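So the chains spell out like this:
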Amino acid sequence: MSRTRIAIVGLGMAVTPHAKGLVDLADSVDVAYAYAPSAARRAAFAEKFPFPTCDSLETILEDKSVEAVAVYTPANTHRDIAIRCAEAGKHVLMEKPLDISTARAEQLVAACRKAGVKLGVVLQHRFRPAGMRLAELLRSGALGDIVGCSTIIRLWRPQSYYDEPGRGSFARDGGGVLMSQGIHTLDMMLSLVGPITEIKGFATTTPIHRMETEDMVAAAVRYANGAIGTIDSTTAAYPGFHEEIIITARNGTAMLRGSELLVQLHNGEKIVMEPDRSAGGTGADPMAFPHDYHRAVTADFIAAIREDRDPRVTGEEALKVHRLIDALIAAGKTEGTVTPVGTSA
């Protein structure tokens with residue numbers, strides 16, 4: 001089978017795990033170009049990875065042999081780049097978040113659908129083996145009805161992280177701990193338990209950080225299936241801890257902690273999947289994780305193109321977590337009760 005021709009756009013911090021994954025997938029993927037507007041970034045990338053670089057997005061868009069574009073640029077550039085790629089007939093693999101606002105994200109998703117191209121979103125927690133195993137257990141009914149789900153995202157980012165120009169701002173990132181970090185775990189939570197219909201919460205920027213957006217959010221939530229729970233998210237928890245999703249169900253309890261799974265059933269059965277032993281990007285080094293899950297995202301995206309199906313995480317799927325984040329922030333600002341767009345109490 002011929003290899004799928006793909007181009008990379010964006011050669012900053014986020015590109016490394018993706019590029020490592022593309023090296024591993026060399027039998028099925030041919031990287032045609034790697035582009036960034038900065039010559040220095042292109043040169044630094046070329047020293048680490050065996051992919052040709054180019055100095056113009058137009059080079060990629062005009063090359064009819066390029067079937068897909070993987071976009072790893074800052075969030076505020078995503079919509080416009082994706083629309084240009086879609087209009088050029090290129091499938092799009094987009095790093096999270098879709099863009100800095102849900103309105104812009106919806107425009108991006110609509111443009112890809114209108115153009116008839118695939119849109120995959122990098123929410124790689126869906127590809128962790130422990131999470132996939134838990135999803136299977138829930139689908140099978142082994143845990144029974146879900147009555148509660150609490151999600152804990154206690155990460156650490158030093159002030160130096162937010163001192164980078166634009167980081168932690170609405171203009172570049174679109175949000176703080178929820179949009180930039182918590183989005184992965186929140187997406188995983190929604191994929192396991194389903195939509196949230198009611199939120200009461202708080203959102204703030206603690207004295208620990210100097211930044212425009214929020215670094216701490218706490219909320220009580222009700223799910224569409226009747227379950228209740230909490231969301232606790234921050235980047236002010238030194239030195240950083242693995243994210244947790246704890247599901248209480250009729251037949252037992254499941255805890256997804258980073259890449260680890262522990263399920264204990266009332267009948268005495270215990271299901272354990274060991275963690276991958278990485279820091280998971282929970283602390284001062286946000287890139288301290290293996291590239292396996294990013295490789296899995298890319299492999300699924302390439303397979304979706306070849307099999308003419310949707311990727312596992314589509315634009316519509318990603319919009320669900322964007323709307324949840326909007327509602328969490330709105331609840332935090334008003335200290336009232338909020339229903340996320342697209343759901344009903």
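Preceding this section is the structure that the text describes.
Not measured: the values here are computed from a predicted model.

Novice: Account for the overall build of the chain, naming residues and giving values.
Specialist: Each helix and strand counted, the chain has 10 helices and 15 strands in total. Taking 20 Å as the expected radius of gyration for a compact globule of 345 residues, we find that the chain reaches 20 Å, a close match to that expectation. Counting only C-alpha atoms and orienting by the principal axes, one finds that the chain spans roughly 55 × 45 × 40 Å. Sequence-distant contacts, at least 24 apart, represent 70% of the contacts inside the chain between residues at least 6 apart. Surface accessibility of the chain: about 14600 Å² in total, with carbon and sulfur atoms responsible for 52%. Distance between charge centres in the chain, computed from 37 positive and 41 negative side chains, equals 1 Å.

Novice: Describe the pairing of strand S12 (residues 252-257), and please don't skip the residues or the numbers.
Specialist: Alternating residues of S12 divide into Gly252, Ala254 and Leu256, all buried, and Thr253, Met255 and Arg257, none buried. When strand S11 (residues 244-249) meets S12, the two strands line up antiparallel, connected through 6 bridges. Paired with glutamate 244 across the two strands is arginine 257, which belongs to S12. Pairing between S12 and strand S13 (residues 260-265): 6 bridges, direction antiparallel. Bridging from a neighbouring strand, threonine 253 pairs with glutamine 264 of S13.

Novice: Lay out the nonpolar core in plain terms, naming residues and giving numbers.
Specialist: Counting residues in each nonpolar core, the largest one holds 99 residues, and the members touching the most others are Ile8, Ile60, Leu98, Leu186, Met189 and Leu192. With 10 residues, the single largest contributor to this core is helix H8 (residues 177-193). In contact with leucine 186, other than residues within four places in its own chain, are Ile153, Leu178, Ile231, Val321, Leu324, Ile325 and Leu328.

Novice: Summarise the sheet that holds strand S7 (residues 146-154); cite the residues concerned and give the values.
Specialist: As summarised here, the arrangement of the 9 strands in space is S14-S13-S12-S11-S7-S10-S9-S8-S15, forming an open sheet in which the pairing is mixed. The two strands at the open ends of the sheet, each matched to only one other strand, are strand S14 (270-273) and strand S15 (337-338). For S13 and S14, the ladder comprises 4 bridges, and the chain directions are antiparallel. Within S14, the residue paired with glutamine 264 across the bridge is lysine 270.

Novice: Could you give an account of the sheet that holds strand S6 (residues 119-122), naming the residues involved and the relevant values?
Specialist: If you trace the 6 strands from one edge of the open sheet to the other, you get S3-S2-S1-S4-S5-S6, paired in parallel fashion. Each edge of the open sheet is held by one strand with a lone partner, namely strand S3 (53-54) and S6. The pairing of strand S4 (residues 68-71) with strand S5 (residues 91-95) spans 4 bridges and is parallel. Paired with alanine 68 across the strands is histidine 91, a residue of S5. Seen against the sheet, helix H4 (residues 78-87) touches strand S1 (4-9), S4 and S5 and runs at an angle of roughly 165° to S5.

Novice: Could you give an account of the environment of serine 28, with specific residues and numbers?
Specialist: Of note, serine 28 is situated in the loop between helix H1 (15-24) and strand S2 (29-35). According to the relative accessible area criterion, serine 28 is partly exposed, its value standing at 21%. Once the C-alpha coordinates of serine 28 and arginine 5 are considered, the two residues, 23 residues apart in sequence, prove to be 9.0 Å apart. Those residues in contact with serine 28 that sit more than four places away from it in its chain are Arg3, Thr4, Ile302 and Arg306.

Novice: Can you tell me about the pattern of salt bridges, naming the residues and giving the values?
Specialist: For the structure shown, the criterion picks out 27 salt bridges. Here glutamate 58 makes a salt bridge to arginine 84, at a shortest N to O gap of 2.7 Å. Taken as a pair, glutamate 58 in helix H3 (residues 57-62) and arginine 84 in helix H4 lie far apart in primary sequence, 26 residues in all. Residue glutamate 164 is joined to arginine 172 by a salt bridge in which the shortest nitrogen-to-oxygen separation is 3.0 Å. Each of Arg3, Arg5, Asp30 and Asp63 takes part in one network of salt bridges that share partners.

Novice: Please provide a residue-by-residue account of the side chain of threonine 151, values included.
Specialist: Locating threonine 151 in the fold gives a position in strand S7. A residue is classified by how much of its surface remains accessible, and threonine 151, at 0% relative accessible area, is buried.

Novice: So what about H1? Which residues, and what values?
Specialist: Those residues of H1 that fall on the buried side of the exposure criterion are Val15, Pro17, His18, Ala19, Gly21 and Leu22. Looking at the buried side of H1, the elements it contacts are S1, S2, helix H2 (39-48), S5, S6 and helix H9 (292-307).

Rules used in this analysis
- Residues numbered from 1 in each chain as written.
- Predicted model: local features only at pLDDT ≥ 70, side-chain atom pairs only at ≥ 80, totals over all residues.
- Heavy atoms only, no water.
- Helix = DSSP H or I, 4+ residues; strand = E, 2+ residues; numbered from the N terminus.
- Rg over C-alpha atoms; globule rule 2.2 N^0.38 Å.
- Contact = heavy atoms within 4.5 Å.
- Areas by Shrake-Rupley, 256 points an atom, 1.4 Å probe, with all protein chains shown as cover.
- Lys, Arg positive; Asp, Glu negative; His and termini not counted.
- Charge placed at Lys NZ, Arg CZ, Asp CG, Glu CD.
- Buried < 20%, exposed > 50% of the residue type's maximum accessible area, 1.4 Å probe, protein only.
- Pairing = 2+ DSSP bridges.
- Core = buried A, V, L, I, M, F, W, Y, C linked by side-chain atoms within 4.5 Å.
- Axes fitted to C-alpha atoms, helices over the stretch in contact; angles between N-to-C directions.
- Salt bridge = Lys/Arg side-chain N within 4 Å of Asp/Glu carboxyl O.

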